[in-house]
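One-letter residues, chain by chain:
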Amino acid sequence: MAVLVALGSLVMTLVGGWAARRVTDRLHLVLGFAGGLMLGVVGLDLLPEAFEAAHQDWYGVPAALMLFVGGFLLAHLAERLLALREAEHGAHNGGGTRELGLGAAGAMVGHSLADGVAIGASFQVDARMGATVAVAVIAHDFADGFNTYTLAAGLGNAHGKALALLLADALAPIAGAASTLLFTIPEQALGCCLGFFAGTLLYIAAAEILPEASHRHPARSTLLCTLAGTALMWLVIGTAGG
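Residues numbered from 1 in each chain as written. Predicted model: local features only at pLDDT ≥ 70, side-chain atom pairs only at ≥ 80, totals over all residues. Heavy atoms only, no water.

Some details on the overall build of the protein chain
And step 1. For the protein chain, the count of helices and strands is eight helices and two strands.
And step 2. Ordering the α and β elements of the protein chain from the N terminus gives α-α-β-β-α-α-α-α-α-α.
And step 3. The buried share of the protein chain, reckoned over its 242 residues, is 45%.
And step 4. Taking the intrachain contacts of the protein chain between residues at least 6 apart in sequence as the baseline, contacts between residues at least 24 apart amount to 85%.
And step 5. In the form shown here, the protein chain has an accessible surface area of approximately 11500 Å², with 70% of it arising from carbon and sulfur atoms. (Helix = DSSP H or I, 4+ residues; strand = E, 2+ residues; numbered from the N terminus. Buried < 20%, exposed > 50% of the residue type's maximum accessible area, 1.4 Å probe, protein only. Contact = heavy atoms within 4.5 Å. Areas by Shrake-Rupley, 256 points an atom, 1.4 Å probe, with all protein chains shown as cover.)

Below, the structure is given as structure tokens:
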């Protein structure tokens, strides 16, 4: 049942990627909207789920929050290492930005894999909880597909690579759900993973996607798109939760 439900995630992810591809002549708006969607996913979906699932503290700090900070710092470290390597090779052709785009899209694939694991783990509790989690996941997978294609293609990567990552993102929830058929996922471990992915995606949105959107075309319309993306995720998550 978990794997069959995850097929809905595949469809919604591909639809989101298709939508992102159709508006490539408005990349500043696409990036602004994608940044807002990512902020909404992190702040309104991933973090609450992580805190709810990870019932433990590390030296007085919630484990999910520690891993959230760790994911943020790891993304920052990866960016710095890319920048240093680019400087050492004297590269000024935007290659580092392309690699960062691939890394960002890869993080979205990891997030989608965790979504599939969440679906499968919730079905291990009971069917009703599994259905509730599945509705929430499928509802925001449109944003995941939109973001994955935008992150890869919008930051200078070839169309083929962007499509390959979009397909990987679409298949990831199915793989995650299928993996839970082999073993039982501890709830605390799942919460910690969600916290880590939340930190990674927040750094990408705040440090890369939103500045890139403003750099391409600094305008109030870009800011409005960011606000619209965040508001949309609020409505989607609120509707799914209700």
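The rest of the description comes next.
Quick word on the environment of A75
And step 1. Along the chain, A75 turns up in helix α3 (residues 63-88).
And step 2. For A75, a relative accessible area of 13% gives the class buried.
And step 3. Residues A75 and G199, 124 residues apart in the sequence, show an inter-C-alpha distance of 8.2 Å.
And step 4. Every residue in contact with A75, bar those within four places of it in the chain, is listed here: T200 and Y203.

Things to note about the side chain of T180
And step 1. With respect to the element layout, T180 can be found in the loop between α6 (159-179) and α7 (187-216).
And step 2. At 2.6 Å, the side chain of T180 forms a polar contact with the backbone oxygen of A177.
And step 3. Once residues within four sequence positions are removed from consideration, T180 is found in contact with V117, G120, A121, Q124 and I185. (Polar contact = N/O pair within 3.5 Å; in protein donor to acceptor, adjacent residues only side chain to side chain.)

Things to note about a nonpolar patch on the surface
And step 1. A cluster of nonpolar side chains, namely F51, L65, V69, F72 and L73, defines an oily patch on the protein surface of about 400 Å² accessible area.
And step 2. No other element matches the four residues that α3 contributes to the nonpolar patch.
And step 3. By the secondary structure assignment, V69 is in helix α3.
And step 4. Owing to a relative accessible area of 40%, V69 belongs among the partly exposed residues under this scheme. (Patch = residues over 30% accessible without salt bridge, like charges linked within 9 Å, V, L, I, M, F, W, Y side chains within 5 Å. Salt bridge = Lys/Arg side-chain N within 4 Å of Asp/Glu carboxyl O.)

Some thoughts on the nonpolar core
And step 1. Within the largest apolar cluster, 35 residues are counted, with the highest numbers of intra-cluster contacts made by M38, F146, L190 and L201.
And step 2. Counting only elements with at least two residues in this core, the list comes to α2 (27-53), α3, α4 (95-125), α7 and α8 (220-241).
And step 3. Ranked by residue count, the leading element in this core is α2, at 11 residues.
And step 4. With five residues, the next largest nonpolar core counts A6, L10, I174 and A177 among its residues. (Core = buried A, V, L, I, M, F, W, Y, C linked by side-chain atoms within 4.5 Å.)

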